[in-house]
Amino acid sequence: MKILGIFLIIQGVWSSNLTVVYQSQCAFKGTSVTIPCSYSHPPGHRVPLVTWYRGEIRPGGWTGYPFINSHSMKGHFQYLSDTSGSCTLRINRLLDSDQAGYFVILKTDDDAFTAPYITLTVQDPGITAVVPTVVKERDMVSLICKSKCIGYPPANMVVWSRDGKAVASPTFRAGLDDAGSYQCAWEGLQSNTVTLDVQYLPRNTTVWVEPQGELLKGNSVNLTCSSAANPPVHNYTWWWYSGTAPPPASSMLDLIGTGQVLHLASLVTTQTGYYLCQATNTLGESNSSALLQIEGTTLAGRASIFIRSGVVVTVLVALTVLVCYCSR
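Remember, it's a predicted structure, so these values are computed and weren't measured experimentally.

The rules behind these values
- Residues numbered from 1 in each chain as written.
- Predicted model: local features only at pLDDT ≥ 70, side-chain atom pairs only at ≥ 80, totals over all residues.
- Heavy atoms only, no water.
- Salt bridge = Lys/Arg side-chain N within 4 Å of Asp/Glu carboxyl O.
- Helix = DSSP H or I, 4+ residues; strand = E, 2+ residues; numbered from the N terminus.
- Buried < 20%, exposed > 50% of the residue type's maximum accessible area, 1.4 Å probe, protein only.
- Pairing = 2+ DSSP bridges.
- Axes fitted to C-alpha atoms, helices over the stretch in contact; angles between N-to-C directions.
- Contact = heavy atoms within 4.5 Å.

Asker: Looking at this structure, I do not really get the pattern of salt bridges. What am I missing?
Answerer: It is possible for side chains of opposite charge to pair when their charged atoms get near one another. Applying the stated criterion to the full structure yields five salt bridges. The closest approach of N and O atoms between Arg 54 and Asp 98, which form a salt bridge, is 3.7 Å. With Arg 54 in strand S5 (residues 49-58) and Asp 98 in the loop between strand S8 (89-91) and strand S9 (100-107), the pair connects residues that are 44 residues apart, well separated along the chain. For Arg 54, a relative accessible area of 11% puts it in the buried group. A network of salt bridges, in which partner residues are shared, links Lys 29, Asp 96 and Asp 124.

Here's what the structure looks like:
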């Protein structure tokens, strides 16, 4: 079975020409872990008994008790070695209670040697997706999967997904389509979900004129500005340039208002010109414009001209009929 641990501390201890080498480890609860252990002693001496102890540091000193040795090899704890230089220990189906300090005592021909303790950390199985939560469009993004015990699994063994669909590479330059919820998976473990927010400056800015069609003096009109942006647009600014051609320079624009909707009431012909909307968020700005051509005759004036024209035509027709009648 695979060991799901990493070595945190490497210890080599010498005393009277005796040495014990073993290492602190971390492993997932429910798995099995093997703690490699080796020892050496001077030629001509024997180590007839190796005993593992477990315990913890408490006020007043270290508290430990023996639980397994070379004469006991069954159950939750297994001593996998012998008395010829190996003292490896295996713990099956790890429990939370297995998290403790461990140490070895070697019994020699005429003495006993106690090695300093190591620690076994027991963690709930799990991995964590490390994803930047907010990036700007075109920023480089690196997705990282982290395990509680082994640190960082090999990148080529980690599978990434965004909104349930596979991600081709954990490193990419952020685009709008890269926003979403990310997860990583490794060795049958699924990580938490982390949302990536891709921010961008305003785009697709447009100006909508209502009512549509010909604009007449004396009437009113609304200009509405819209723009896609993340974070949202926080300011709409309106500028105006007198003329039917775009302004040759931005310095020739006049500031005429703010807000998403610009209302122009009682139009006059001198308001003819280019109306430019500037949409701004924290990353930048985007512009759009519309040309308004204000006609000089109002609807009322046109109706009056039509009535007067109708009266003249009626009179002319009446006179023609009278002349024809008289000539008869």
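Asker: Looking at this structure, how should I read unusual backbone geometry?
Answerer: For residues besides glycine, phi is generally negative; the peptide bonds are generally trans as well. Backbone torsion omega between Glu 210 and Pro 211 reads 10°, so that peptide bond is classified as cis. Among the structural elements, Pro 211 can be located in the loop between strand S21 (194-210) and strand S22 (215-216). A cis geometry characterises the amide bond from Asn 230 onward to Pro 231, with omega recorded as 0°. Mapped onto the secondary structure, Pro 231 falls in the loop between strand S23 (221-230) and strand S24 (235-242). In this model, Asp 163 sits at a positive phi of 50°, which is unusual for a non-glycine residue. On the secondary structure map, Asp 163 appears in the loop between strand S16 (159-162) and strand S17 (165-166). Phi angles above zero are rare outside glycine, and Glu 187 is one such case at about 50°. Note that Glu 187 resides in the loop between strand S19 (180-186) and strand S20 (189-190). The class of Glu 187 is partly exposed, set by a relative accessible area of 41%.

Asker: Just to check I follow, could you spell out the sheet that holds strand S28 (residues 284-292) for this structure?
Answerer: Strand pairs in the sheet, formed through backbone hydrogen bonds, run parallel or antiparallel to each other. Within the open sheet, the four strands sit side by side as S25-S24-S27-S28. Their pairing is antiparallel. At either margin of the open sheet sits one strand with a lone partner, and together these are strand S25 (254-258) and S28. Here the average twist between neighbouring strands, direction ignored, is 25°.

Asker: Looking at this structure, I do not really get the environment of Gly 284. What am I missing?
Answerer: You can see Gly 284 is positioned in strand S28. Taking C-alpha positions, Gly 284 is 5.2 Å from Leu 201, a pair spaced 83 residues apart along the chain. Apart from the residues within four sequence positions on either side, Gly 284 is in contact with Leu 201, Pro 202 and Ala 279.

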